[in-house]
Amino acid sequence: MPAQWTGDVVRRMHLAGVRRKELARALGYSQEYLGKILNGRRAPRGAQQTIERALDALLAGRGGLGAAEGAERGERHA
């Protein structure tokens, strides 16, 4: 079963229009590997922090909602 944080990442990706391909490229991962992490089939050490930072960077480049801004609005990023 996927961890809660993966659902949060997928939700943020969806709301911002970030595709798995784009996030995978930013991480240096294949789309398939990122999908396995987000679907709970892989759980590499530090994945949450690495993926959330990459997503935050992508969103910052778009002027989107990053983790710090989300925290100010009451969103949880564990």
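Presented here is an overview of the structure given in this document. What you see is a predicted model; the values in this text were computed from it and never measured. (Residues numbered from 1 in each chain as written. Predicted model: local features only at pLDDT ≥ 70, side-chain atom pairs only at ≥ 80, totals over all residues. Heavy atoms only, no water.)

### A look at the packing of aromatic side chains
Phase 1: With the rule as written, the count across this model stands at one aromatic pair.
Phase 2: Both rings, one in Tyr29 and one in Tyr33, keep their centres 5.2 Å apart while their planes meet at 80 degrees; by these two values the pair is edge-to-face. (Phe/Tyr/Trp six-rings, centres within 6.5 Å; stacked < 30°, edge-to-face > 60°.)

### Some words on a positive patch on the surface
Phase 1: Side chains of Arg20, Lys36, Arg41 and Arg42 sit close together on the surface and give a patch of like positive charge.
Phase 2: Turning to its location among the elements, Arg20 is positioned in helix 2 (residues 20-27). (Patch = residues over 30% accessible without salt bridge, like charges linked within 9 Å, V, L, I, M, F, W, Y side chains within 5 Å. Areas by Shrake-Rupley, 256 points an atom, 1.4 Å probe, with all protein chains shown as cover. Salt bridge = Lys/Arg side-chain N within 4 Å of Asp/Glu carboxyl O. Lys, Arg positive; Asp, Glu negative; His and termini not counted. Charge placed at Lys NZ, Arg CZ, Asp CG, Glu CD. Helix = DSSP H or I, 4+ residues; strand = E, 2+ residues; numbered from the N terminus.)

### Quick notes on helix 4 (residues 47-62)
Phase 1: Compared with an ideal rise of 1.5 Å per residue, which puts 16 residues at 22 Å, helix 4 spans 23 Å between its outermost C-alpha atoms and is within 8% of the ideal.
Phase 2: Residue Gly63 follows helix 4 closely and has a positive phi angle near 75 degrees. (Expected span 1.5 Å × (residues − 1).)

### Some points on the nonpolar core
Phase 1: Counting 16 residues, the largest nonpolar core has Val9, Met13, Val18, Leu23, Leu34, Ile51 and Leu55 as the members making the most contacts within it.
Phase 2: Listed by contribution, the elements that provide at least two residues to this core are helix 1 (4-16), helix 2, helix 3 (31-38) and helix 4.
Phase 3: A total of six residues in this core trace back to one element, the largest contributor, which is helix 4.
Phase 4: If we ignore the near neighbours within four places in the chain, the residues touching Ile51 are Trp5, Val9, Leu23, Leu27, Tyr29, Leu34 and Ile37. (Core = buried A, V, L, I, M, F, W, Y, C linked by side-chain atoms within 4.5 Å. Buried < 20%, exposed > 50% of the residue type's maximum accessible area, 1.4 Å probe, protein only. Contact = heavy atoms within 4.5 Å.)

### Some points on the packing of helix 2 against helix 4
Phase 1: Between helix 2 and helix 4, the shortest axis-to-axis distance is 10 Å and the interhelical angle comes to 110 degrees. One element, helix 2, and the other, helix 4, form an angle in the roughly perpendicular class. Crossing handedness for the pair helix 2 and helix 4: right-handed. Each of Glu22, Leu23, Ala26 and Leu27 in helix 2 lies in contact with helix 4, whose residues at this interface are Thr50, Ile51, Ala54, Leu55, Leu58 and Arg62.
Phase 2: Of the residues belonging to the contact of helix 2 with helix 4, the class tally is seven nonpolar, one polar and two charged. (Axes fitted to C-alpha atoms, helices over the stretch in contact; angles between N-to-C directions. Parallel < 35°, antiparallel > 145°, perpendicular 65-115°, else oblique. Left-handed = near helix turned anticlockwise from the far one by under 90°. Nonpolar A, V, L, I, M, F, W, Y, C, P; charged D, E, K, R; others polar.)

Purely spatial values, then, with no claim about function.
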